[in-house]
Amino acid sequence: RRRQLHHRRPSQEGDPQMSGYLGQFAVKSETTWNTPVVPDKAFEVASAAIKVDAQRVEVPTIRAGRRMMKHRLPYAGGASGSVEMPVMTTGFGWWLKHMLGSVASSAVVDSAYTHTGTMAVPSASFTAQTGVPYTGGSSVQPQTVSGGRVTGWELSCEGGGELKFKADCDFASWTNATALVTPVYPSGVPLTFIRGSVTIDGTPVISDNFTLNFNPALNTDRRGIGVVKREQKVDGLADASLSLKLDYEAQTYLDKIVAATQAGAQSNVVIVIEDTALIGATSRAKLEITIPVCMWDGDAPSLSGPEQTSFDLKGVVGTNDTDSPVTIKYVSTDSSVA
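Residues numbered from 1 in each chain as written. Predicted model: local features only at pLDDT ≥ 70, side-chain atom pairs only at ≥ 80, totals over all residues. Heavy atoms only, no water.

Asks: Is there a simple way to think about the overall build of the protein in this case?
Replies: When its secondary structure is counted, the protein shows two helices and 20 strands. Taken along its principal axes, the extent of the C-alpha atoms in the protein is 75 × 65 × 55 Å. Relative to its full complement of 338 residues, the protein shows a buried share of 37%. Within the protein, contacts between residues separated by at least 24 positions form 71% of all contacts whose residues are at least 6 apart in sequence. With 30 positive and 33 negative side-chain charges, the protein shows a spacing of 15 Å between the two charge centroids. (Helix = DSSP H or I, 4+ residues; strand = E, 2+ residues; numbered from the N terminus. Buried < 20%, exposed > 50% of the residue type's maximum accessible area, 1.4 Å probe, protein only. Contact = heavy atoms within 4.5 Å. Lys, Arg positive; Asp, Glu negative; His and termini not counted. Charge placed at Lys NZ, Arg CZ, Asp CG, Glu CD.)

So, in structure tokens, the structure goes:
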């Protein structure tokens, strides 16, 4: 007889099997580094994979007749991981200070507020909590981390998709002994490609996608006698990179790559992703990225087949010593980014 294949039935009401859809992620800025606060701002996330760094001090010793290590002394070395989410029309301004170091908010204009993030030495820290559902039952286990800093981030968007944000984070402390917070979510919808634009040196270009990566160069492995993990500190030059995929329609950007001078290889880049709905009479929720100095690198387009020729343009973010190397303006109905 043919063996019967047993398929797992879909979960029904009353089933004890739980899923990640019950999970949650919330944050709050700290007044003092690694002094935990109760997270009160939740975000709709694609994932929040923050894990405890369970460390061991291994002490190999010789003792007559013993063939294996005996001494492995445990300690919690903090936590780290990545959070991924869409950029929404409200709420995202909270991240600007943690991404770039400084943020300033404007007065209301046409029912909208502009929150501007610029580069500065990172000083803000935060507490975060992830609610991780058990496989069985209906409980959600809170895992709370404090002394957090963003150690790297990425903004990206492609034609047909939403504006995505990924933050790599490092934390000094981790515990699963705090209460699960009740999530309070900002209202809003994801920003998408529909009303997006890219300009290079003031000229609009059509790009299939863009990815901006930023690394603030923080040392996250500072330990000392009596202190398991010390505050994350700047340890070198920050760096950032931008990639765009363009149609190969002219020599303009190839000429930038092969330019004989530094100035000749550089461009000003502005990327805007805005909502389709109006906030006031003319204003819209949006995220605007300005890079005053981007030096282009990459390979020249080549003939590699019968398909249309594309141009993968890659740039390294530089500085002109007057403007912030990266400036992000976030326009929303949020009066504050706290």
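Asks: Which parts of the structure should I look at to understand the layout of surface pockets?
Replies: Gaps between atoms show up when a probe of the same size as a water molecule is rolled over them. Considered as a void within the structure, the largest pocket measures approximately 400 Å³ in volume. Lining the largest pocket are 24 residues, and of these Met 119, Phe 214, Leu 237, Ala 238 and Asp 239 lie nearest its centre. Those elements that provide at least two residues to the lining of the largest pocket are helix 1 (94–100), strand 16 (239–247) and strand 19 (310–317). Per-element tally for the lining of the largest pocket: the top contributor is helix 1, with four residues. Split into classes, the residues belonging to the lining of the largest pocket amount to 17 nonpolar, five polar and two charged. (1 Å grid on protein atoms, 1.4 Å probe; cavity = no way out; pocket = protein on both sides within 12 Å on 5 of 7 lines; lining within 4 Å. Points joined across faces, edges and corners; volume = space filled by probe spheres on them. Nonpolar A, V, L, I, M, F, W, Y, C, P; charged D, E, K, R; others polar.)

Asks: Which parts of the structure should I look at to understand the pairing of strand 9 (residues 164–171)?
Replies: Look at any regular strand and the pattern is simple: side chains alternate between the two faces of the sheet. Pairing between strand 4 (residues 71–86) and strand 9: eight bridges, direction antiparallel. Looking at strand 9, one finds that Gly 81 is bridged to Cys 169. Relative to strand 9, strand 8 (residues 140–158) runs antiparallel, the two being bridged by seven bridges. When the bridges of strand 9 are listed, Trp 153 appears paired with Ala 167. As consecutive antiparallel partners, strand 8 and strand 9 are separated by five residues, and within that stretch Gly 160 has a phi angle of approximately 90°, a positive value. (Pairing = 2+ DSSP bridges.)

Asks: It is not clear to me how the pairing of strand 16 should be interpreted in this structure. Could you clarify?
Replies: Of the two faces of strand 16, only one is covered, namely that formed by Ala 240, Leu 242, Leu 244 and Leu 246; the face formed by Asp 239, Ser 241, Ser 243, Lys 245 and Asp 247 stays uncovered. Summarising the sheet, strand 13 (residues 207–215) and strand 16 pair through seven bridges and their orientation is antiparallel. Residue Asn 213 lies in a different strand from strand 16, and its bridge partner there is Ser 241.

Asks: Any chance you could explain empty space enclosed by the protein here in plain terms?
Replies: Throughout the structure, instances matching the rule amount to three cavities of 30 Å³ or more. Taken as a whole, the largest cavity spans an internal volume of roughly 80 Å³. Around the largest cavity sit Phe 43, Glu 44, Met 85, Pro 86, Met 88, Thr 90, Gly 91, Phe 92, Pro 186 and Ser 187, which together line it. Of the residues that constitute the lining of the largest cavity, the class distribution is six nonpolar, three polar and one charged. The volume enclosed by the second largest cavity comes to roughly 50 Å³. Among the elements of the structure, helix 1 and strand 8 are those that each provide at least two residues to the lining of the second largest cavity. Residue composition of the lining of the second largest cavity, grouped by class: four nonpolar, three polar and two charged.

Asks: Please clarify how the pattern of salt bridges should be interpreted in this entry.
Replies: It is possible for side chains of opposite charge to pair when their charged atoms get near one another. Applying the stated criterion across every chain, the model contains 11 salt bridges. Asp 170 is paired through a salt bridge with Lys 229; the nearest N and O atoms lie 2.8 Å apart. You can see Asp 170 sitting in strand 9 and its partner Lys 229 sitting in the loop between strand 14 (218–219) and strand 15 (233–234), a full 59 residues away along the chain. With respect to class, Asp 170 is no different from Lys 229; both count as buried. Arg 284 is paired through a salt bridge with Glu 274; the nearest N and O atoms lie 3.9 Å apart. Highlighted residues: Arg 284 in strand 18 (residues 284–297) and Glu 274 in strand 17 (residues 266–278), separated in sequence by 10 residues. (Salt bridge = Lys/Arg side-chain N within 4 Å of Asp/Glu carboxyl O.)

Asks: Explain the side chain of Thr 130 to me, please; I cannot follow it from the model alone.
Replies: On the secondary structure map, Thr 130 appears in strand 7 (residues 126–133). Looking at Thr 130, the relative accessible area reads 9%, which means it is buried. Those residues within four positions of Thr 130 in sequence are excluded, and the remaining contacts are Gln 24, Phe 25, Ala 48, Ile 50, Gln 141, Pro 142 and Gln 143.

Asks: Hey, could you run me through the side chain of His 98 in this one?
Replies: Note on placement: His 98 falls in helix 1. Not counting the four nearest positions on each side in its chain, His 98 is found in contact with Ser 29, Ala 124, Ser 125, Phe 126 and Val 150.

Asks: Can you help me understand the packing of aromatic side chains in this one?
Replies: Where two aromatic rings form a pair, the distance of their centres and the angle of their planes describe that pair. In the structure shown here, the tally under the stated rule is 11 aromatic pairs. When the ring of Phe 43 is compared with that of Trp 94, the centres are 6.3 Å apart and the planes differ by 55°; the resulting orientation is tilted. Here Phe 43, found in the loop between strand 2 (41–42) and strand 3 (47–59), pairs with Trp 94, found in helix 1; they are 51 residues apart in sequence, far enough to count as distant. A connected cluster of aromatic rings, assembled from ring pairs, spans Phe 43, Phe 92, Trp 94, Trp 95, Phe 126, Phe 165, Phe 171 and Tyr 330. (Phe/Tyr/Trp six-rings, centres within 6.5 Å; stacked < 30°, edge-to-face > 60°.)

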